[in-house]
Amino acid sequence: NAGVMQNPRHLVRRRGQEARLRCSPMKGHSHVYWYRQLPEEGLKFMVYLQKENIIDESGMPKERFSAEFPKEGPSILRIQQVVRGDSAAYFCASSPALQERAFFGQGTRLTVV
Amino acid sequence: KNEVEQSPQNLTAQEGEFITINCSYSVGISALHWLQQHPGGGIVSLFMLSSGKKKHGRLIATINIQEKHSSLHITASHPRDSAVYICAVGPSGGGADGLTFGKGTHLIIQP
């Protein structure tokens, strides 16, 4: 049973480009969470999704950021028109149910140049 | 909003020592998580607990709901335990959504 898979592990984008980060949850997990870890800062919750639904996006910036978790395929965190301040590590976690222990992916390190 | 405080921020110890990392939070929670982040950056979930005590190998996690405090203990510490240990709390009724994270404790175990 593979763990939570994130790709790419490292992503470099120029300012103004789009970044797409993918997260495949563990088999049997239908709850996905995205977190951001800015340099020298702690982790911050961004968004919680179940299949085809956004449940809680209270941690997502209002502009340029979006997330989806389609019926088929991985969850996608999409950042449009990236800026230098978006450079961070983005982690995905999944759990089988809301109050179950979550398992984390290895993260995607986004660098905006 | 919950405030999560971890102590110490940095800890260097010798191999074999007993390690304690503390976490305090300000508002009632549904569960508390202990995470481990290695220098490579990946995060491993160590424990999720809402009461009492859990043990896994050399790791022990305890929580006191009344005092809003949790501790992570490492017995017979080893250099491979060197990592950042992060405490995270979930709001009442929630799971891993809406987690509030501490800033982490940087642990170095010297041989």
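Above this text you will find the structure in question.
Residues numbered from 1 in each chain as written. Chains lettered and ligands numbered in written order. Predicted model: local features only at pLDDT ≥ 70, side-chain atom pairs only at ≥ 80, totals over all residues. Heavy atoms only, no water.

Peer 1: Lay out the interface of chain A and chain B in plain terms, naming residues and giving numbers.
Peer 2: Each partner contributes residues to the interface: chain A has 19 residues there, and chain B has 18 residues. Linking chain A with chain B are zero salt bridges, by the criterion used here. The interface formed by chain A and chain B holds two residue pairs in polar contact (both at pLDDT 80 or more) in total. Sorting the residues of the side of chain A that touches chain B by element identifies β4 (31-37) and β5 (43-50) of chain A as the ones contributing at least two each. Of all the elements, β5(A) adds the most residues to the side of chain A that touches chain B, at four residues. Here the residues of the side of chain A that touches chain B sort into nine nonpolar, four polar and six charged. (Contact = heavy atoms within 4.5 Å. Salt bridge = Lys/Arg side-chain N within 4 Å of Asp/Glu carboxyl O. Polar contact = N/O pair within 3.5 Å; in protein donor to acceptor, adjacent residues only side chain to side chain. Helix = DSSP H or I, 4+ residues; strand = E, 2+ residues; numbered from the N terminus. Nonpolar A, V, L, I, M, F, W, Y, C, P; charged D, E, K, R; others polar.)

Peer 1: How would you sum up the pattern of salt bridges? Please name residues and give values.
Peer 2: When the charged atoms of two side chains lie near each other, side chains of opposite charge can form a pair. Taken as a whole and assessed by the stated rule, the structure comprises four salt bridges over all chains. In this structure, the salt-bridge partner of R20(A) is E18(A), at a minimum N-O distance of 2.9 Å. Residue E18(A) is classed as partly exposed on the basis of its relative accessible area, which comes to 28%. Of the charged contacts in the structure, one is a salt bridge between D81(B) and R58(B), with a shortest N-O distance of 2.9 Å. In this pair, D81(B) sits in the loop between β8 (69-74) and β9 (83-91) while R58(B) sits in the loop between β6 (52-56) and β7 (59-64), placing the two residues 23 residues apart along the sequence. Within this structure, E18(A), R20(A) and R78(A) form a network of salt bridges that share partners. (Buried < 20%, exposed > 50% of the residue type's maximum accessible area, 1.4 Å probe, protein only.)

Peer 1: Report on unusual backbone geometry, specifying residues and quantitative values.
Peer 2: Here the amide bond leading from N7(A) into P8(A) is cis, since omega sits at 0 degrees, within 30 degrees of zero. Topologically, P8(A) is positioned in the loop between β1 (5-7) and β2 (10-13). Omega for the peptide link from S7(B) to P8(B) comes to -5 degrees, which places this bond in the cis form. Counting through the fold element by element, P8(B) comes out in the loop between β1 (4-7) and β2 (10-14). Phi angles above zero are rare outside glycine, and E52(A) is one such case at about 70 degrees. As for its placement among the helices and strands, E52(A) is situated in the loop between β5 and β6 (53-56). Of note in the backbone geometry, R64(A) takes a positive phi value of approximately 75 degrees without being a glycine. As for its placement among the helices and strands, R64(A) is situated in the loop between β6 and β7 (65-68). For R64(A), a relative accessible area of 25% gives the class partly exposed.

Peer 1: Quick one: what's the story with the pairing of strand β5 (residues 43-49) of chain B, residue by residue and with numbers?
Peer 2: Residue and element names in this part refer to chain B. The buried fraction of β5 is high, at six of seven residues. Pairing of strand β4 (residues 29-37) with β5 involves six bridges; the strand directions are antiparallel. Pairing of Q36 across the sheet is with V44, part of β5. Taking the residues between adjacent antiparallel strands as the criterion, β4 and β5 are bridged by five residues, where G41 takes a positive phi near 105 degrees. (Pairing = 2+ DSSP bridges.)

Peer 1: An account of the sheet that holds β8(B) is requested, with residue identities and associated values reported.
Peer 2: All names here are of chain B. As summarised here, the arrangement of the five strands in space is β1-β3-β8-β7-β6, forming an open sheet in which the pairing is antiparallel. What marks the edges here is a single partner per strand, and that holds for β1 and β6. Averaged over all neighbouring strand pairs, the angle between strand axes comes to 15 degrees, with direction disregarded. One ladder, built from six bridges, connects β7 with β8; its direction is antiparallel. Across the sheet, the residue bridging to T62 is S71, located in β8. (Axes fitted to C-alpha atoms, helices over the stretch in contact; angles between N-to-C directions.)

Peer 1: Describe the packing of aromatic side chains, listing the residues and the values that go with them.
Peer 2: Summed over all chains, the structure comprises four aromatic pairs over all chains. Plain terms: the ring middles of Y35(A) and F45(A) are 6.1 Å apart, the flat faces sit at 65 degrees to each other, and that makes the pair edge-to-face. You can see Y35(A) sitting in strand β4 and its partner F45(A) sitting in strand β5, a full ten residues away along the chain. Overall, F45(A) belongs to the buried group, its relative accessible area being 9%. By way of ring pairs, the aromatic residues Y35(A), F45(A), F104(A) and F101(B) are connected into one cluster. (Phe/Tyr/Trp six-rings, centres within 6.5 Å; stacked < 30°, edge-to-face > 60°.)

Peer 1: Can you break down the layout of surface pockets residue by residue, with the values?
Peer 2: Roughly 550 Å³ of internal volume is contained in the largest pocket. The set of elements that each furnish at least two residues to the lining of the largest pocket consists of β5 of chain A together with β1, β9 and β10 (100-101) of chain B. Of all the elements, β5(A) adds the most residues to the lining of the largest pocket, at four residues. A class-by-class count of the residues in the lining of the largest pocket yields ten nonpolar, nine polar and six charged. By volume, the second largest pocket amounts to about 400 Å³. Lining the second largest pocket are 18 residues, and of these Q37(A), E41(A), Q37(B), V84(B) and H106(B) lie nearest its centre. Of the residues that constitute the lining of the second largest pocket, the class distribution is four nonpolar, ten polar and four charged. (1 Å grid on protein atoms, 1.4 Å probe; cavity = no way out; pocket = protein on both sides within 12 Å on 5 of 7 lines; lining within 4 Å. Points joined across faces, edges and corners; volume = space filled by probe spheres on them.)

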